[in-house]
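# Structure at a glance
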Amino acid sequence: MASNVNPTVRRRRLGQELRRLRELKGMTAEEVAERLLVSQSKISRLENGRRSISQRDVRDLCGVYEVEDHRIVDSLMQMAKDSRQQGWWHAFGDIPYSVYIGLETDAASLRVYEPQVVPGLLQTRQYAEALITGALPESSAADIEKRVNVRARRQERVREAETPLRLWAVIDEAALRRVVGDKQLMIEQLEHLLDQSHLPHVTVQVLPFEMGAHPGITGHYAILEFPDASDSSVVYIEGVTSDLYLEKANDVQRYSVMYEHLRAQALNVEQTRHFIGEVIKDYTQAMG
């Protein structure tokens, strides 16, 4: 881990505690916003951890909620201070999915379904560069390099010696067949995917075309779970201009059930390794 304090996760914990205090007071977000002369959307963003929380925000909210225990106020103020520290990803400048990176950095496990490409945490540097170049044709060489470097830094979670990320990836056959870069690059990428699949904390399953329609047909998503029981699981859905984070228990449960269906329909681990090996042979033969 890059830091003992993850600002993204601290913001989520603080936001959840502030929501709990509001609900104990029996107030709506609109009522709180009216008392503080701020927008209702600000209160919502503070509570869902999408906005940086200042110590002044905490002081004002504790005043509205009539929190008299100074130990609670001091603890929340310290959390606000910690949440404003910068994570490792800030050193790379403006990253559009920095909230997700913060969550992934602190997650204990990640379940991901990828319908089009090899999951980012399992990509080679060459594959990542070719993929980002194709997906963002108007990006500068410097921006592409920055994104590749961030992806490589994220992959360190998988290689950690003591507490590696528990990664479960269900990958559609299309991701194996889509030629990113060239066939030689794909061979190297799939060989890397095979190597990674042998790590004890990494599980890779392929969902072949012959399975037809399945619960993941609507697209990519990921489920993040955290070591602290007080941190609720999060479903992450990547968008073109904005991302979606689902934290309600019903939403997480629904996507978790969908994921179990995907795992059941996909090839098992050994079948997957054999399947990937056959795709590598196909690329090799195609190259003559």
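Please refer to the structure higher up on the page.
As a starting point, this report considers the structure included with it. (Residues numbered from 1 in each chain as written. Predicted model: local features only at pLDDT ≥ 70, side-chain atom pairs only at ≥ 80, totals over all residues. Heavy atoms only, no water.)

Summing up its helical and strand segments, the protein chain has 13 helices and six strands in all. For the protein chain, the C-alpha atoms occupy an extent of roughly 75 × 40 × 35 Å along the three principal directions. The buried share among the 288 residues of the protein chain stands at 48%. Considering only contacts in the protein chain between residues 6 or more positions apart, those separated by 24 or more positions represent 74%. Positive and negative charge centroids in the protein chain, built from 36 and 42 side chains respectively, lie 4 Å apart. (Helix = DSSP H or I, 4+ residues; strand = E, 2+ residues; numbered from the N terminus. Buried < 20%, exposed > 50% of the residue type's maximum accessible area, 1.4 Å probe, protein only. Contact = heavy atoms within 4.5 Å. Lys, Arg positive; Asp, Glu negative; His and termini not counted. Charge placed at Lys NZ, Arg CZ, Asp CG, Glu CD.)

Read across the sheet, six strands follow the order β3-β2-β1-β4-β5-β6 without closing on themselves; strand pairing throughout is mixed. The sheet is open, and its two edges are formed by β3 (202–207) and β6 (244–246), each paired on a single side. When strand polarity is set aside, the average angle formed by the axes of neighbouring strands in this sheet is 15 degrees. For strand β2 (residues 166–172) and β3, the ladder comprises six bridges, and the chain directions are parallel. Paired with W168 across the two strands is T203, which belongs to β3. (Pairing = 2+ DSSP bridges. Axes fitted to C-alpha atoms, helices over the stretch in contact; angles between N-to-C directions.)

This brings us to the packing of aromatic side chains. Given two aromatic rings, their pairing is described by the distance between the two centres and the angle made by the two planes. Within this structure, the stated rule accounts for four aromatic pairs. Both rings, one in Y221 and one in Y259, keep their centres 6.3 Å apart while their planes meet at 80 degrees; by these two values the pair is edge-to-face. You can see Y221 sitting in strand β4 (residues 221–225) and its partner Y259 sitting in helix α12 (residues 249–265), a full 38 residues away along the chain. The class of Y259 is buried, set by a relative accessible area of 0%. Cluster of aromatic residues (ring-pair linked, three or more members): Y100, Y236 and Y245. Over the face of the ring belonging to W168 we find R263, whose NZ or CZ atom lies 3.6 Å from the ring centre. (Phe/Tyr/Trp six-rings, centres within 6.5 Å; stacked < 30°, edge-to-face > 60°. Lys NZ or Arg CZ within 6 Å of the ring centre and 35° of its normal.)

It is worth spelling out helix α8 (residues 141–154) at this point. Between its terminal C-alpha atoms α8 stretches 20 Å, which fits the 20 Å expected from 14 residues at 1.5 Å a residue. What α8 keeps buried is the set I144, V148, V150, R151 and R154. Summarising the axial view, the buried residues of α8 lie within an arc of 160 degrees, below the 170-degree limit, and thus occupy one face. Exposed positions of α8 whose direction lies more than 90 degrees from the buried face are A141 and A142. Its buried side turned inward, α8 meets α6 (98–106), α7 (125–135) and α9 (156–159). (Expected span 1.5 Å × (residues − 1). Arc of directions from axis to C-beta.)

By themselves, these are just geometric observations and shouldn't be taken as functional.
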